[in-house]
Amino acid sequence: MTDRQSSGLDDVAIEELVRRARQGDRDAFEKLVDEYKDKIYNYVARMLNDRDRAEDVAQETFIRAYTSLPNFRGASSFQTWLYRIASNLAIDTMRRRSYREGEFSLDETLQTREGEVQRQVEDEGPGPEKTIQNEELRAQIEDAIVELSPKLRTVIVLYELQGLSYKEIAEVVGAPLGTIKSRLFNAREQLREILEKKLDMPVTG
Amino acid sequence: MRCEDCRRVIGTMDLSEYERAGLQAEVQEHLENCPECEAWAASTHAISESLRSGAALSASESFTPGVMEGLQERRSGVIAGAINSWFGDLRPVAPVIPRAAVAASFVAILLVIAVFATSMPIPGVAPAPETAPATDEAVVTRTAAPAQGNITLSVPTQNCTLDDLIKYHQDYHISRPLGPDAGMVVAHEEKY
């Protein structure tokens, strides 16, 4: 699978910039920021569903990356490493936000007669529409993503929106490949359930 | 193929993956004969396609300059943090005077005081006694200027025997044995 926002520099050029940035070359690091800023911003914005906050968190991602560059050993790609930092910051931000707002934990599950299920937020939007245009469906899906737990949200955004492979997602999240596949499956299932509840009709193409 | 297996394959594998696994024909056959799974697969596909069709968001023009400024501020913050940790919660005297300047002035004043204090003799106070090489057994202190080459050493007798003194202070000639009173006369710089 290819990245949705393709890179302008090849791997060799990236490695050279990383090497120079590790030695304290700020110009090299600035080029790396330019190279990855859209990907990281897009990812964080989808995770948080808040574009203003996303800019701050994405910038903080790069600042953390620069200060942690001496620890970057190149075991994974620089991009994967950046996504890992962004992912941790985005999840921290989500948790702090729900704590400040007195909300429930996004990871919290509900105990029902059918067993333990992921918590879903009740829809307060307009009633179901008879015809769903693709653009409207996409907007509904983006809203629905916010209702997923951080773990499920991370994998579906990285896979569907950022275009990372299962293997890359496994490196970002630090979980086995099988776990990533399982989370992706669950994320899709929950998205479908949320959407069908919102739209009061099955989701079709 | 069971419905559960079919959905698991579609939901967890890339198309190329289940093609490689030789499951494509089996999945296709199941979908053709199972309207529920066919609808399920269609909605999964619709969700994926909708997500992927969305325009990617782009960072603002000020993004990169913001990061570089953030790095600079973080660096200044580290220095200020270190200064704060040395001097406590130091407040700037005025908003126009940076915290670092206040701390630097404070250090300079302390240095000047220290230099004057060490170089100026204090009237009426005798110079501090010069300390002879210390041992782990006893402390030997030169208490006064030597008279005709002899000096008096004040020896803490409770911690030091004559043997100890010979053993550890062979540069001093002991002119009389240790007595109950502190102090003894030795010839300076002579081997025992």
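Our subject is the structure that appears above.
These numbers were taken from a predicted model, which means no experiment stands behind them.

Colleague: Got a minute to help me understand the overall build of chain B in this structure?
Modeller: When its secondary structure is counted, chain B shows seven helices and five strands. Along its sequence from the N terminus, chain B presents helices and strands in the succession α-α-α-α-α-α-β-β-β-α-β-β. In chain B, which comprises 192 residues, the share counted as buried stands at 28%. Excluding contacts between residues fewer than 6 apart, the proportion of contacts in chain B whose partners are at least 24 apart in sequence is 34%. Element-wise, carbon and sulfur atoms account for 58% of the exposed surface of chain B, whose accessible area totals about 12,600 Å².

Colleague: I tried to follow the packing of helix α2 (residues 26-48) of chain A against helix α6 (residues 150-161) of chain A on my own but got confused; where do I start?
Modeller: All names here are of chain A. Axis separation between α2 and α6 bottoms out at 10 Å; the angle between their running directions is 140 degrees. Judged by the inter-axis angle, α2 sits oblique to α6. By crossing handedness, the relation of α2 to α6 is classed as right-handed. Contact residues: Asn-42, Tyr-43, Arg-46, Met-47 and Leu-48 in α2; Pro-150, Arg-153, Thr-154, Val-157, Leu-158 and Leu-161 in α6.

Colleague: Please explain the packing of aromatic side chains as it appears in this structure.
Modeller: Given two aromatic rings, their pairing is described by the distance between the two centres and the angle made by the two planes. Applying the stated criterion across every chain, the model contains nine aromatic pairs over all chains. Relative to Tyr66(A), the ring of Phe29(A) lies with its centre 4.8 Å away and its plane at 65 degrees, an arrangement referred to as edge-to-face. Pair noted here: Phe29(A) is in helix α2 and Tyr66(A) is in helix α3 (residues 51-68), with a separation of 37 residues, a long-range link. The pair formed by Phe29(A) and Tyr66(A) is uniform in burial state, with each residue classed as buried. An aromatic cluster is present here, built from Tyr36(A), Phe72(A), Phe78(A) and Trp81(A) joined pairwise through their rings. Across the ring face of Phe185(A), the terminal group of Arg8(B) is positioned such that the distance to the ring centre comes to 4.0 Å.

Colleague: Explain the side chain of Ser76(A) here, please?
Modeller: Residue and element names in this part refer to chain A. Following the sequence through the fold, Ser-76 ends up in the loop between α3 and α4 (78-100). For Ser-76, a relative accessible area of 13% translates into the label buried. Setting aside anything within four residues of it in sequence, one finds Ser-76 in contact with Trp-81, Arg-84 and Glu-171.

Analysis parameters
- Residues numbered from 1 in each chain as written.
- Chains lettered and ligands numbered in written order.
- Predicted model: local features only at pLDDT ≥ 70, side-chain atom pairs only at ≥ 80, totals over all residues.
- Heavy atoms only, no water.
- Helix = DSSP H or I, 4+ residues; strand = E, 2+ residues; numbered from the N terminus.
- Buried < 20%, exposed > 50% of the residue type's maximum accessible area, 1.4 Å probe, protein only.
- Contact = heavy atoms within 4.5 Å.
- Areas by Shrake-Rupley, 256 points an atom, 1.4 Å probe, with all protein chains shown as cover.
- Axes fitted to C-alpha atoms, helices over the stretch in contact; angles between N-to-C directions.
- Parallel < 35°, antiparallel > 145°, perpendicular 65-115°, else oblique.
- Left-handed = near helix turned anticlockwise from the far one by under 90°.
- Phe/Tyr/Trp six-rings, centres within 6.5 Å; stacked < 30°, edge-to-face > 60°.
- Lys NZ or Arg CZ within 6 Å of the ring centre and 35° of its normal.

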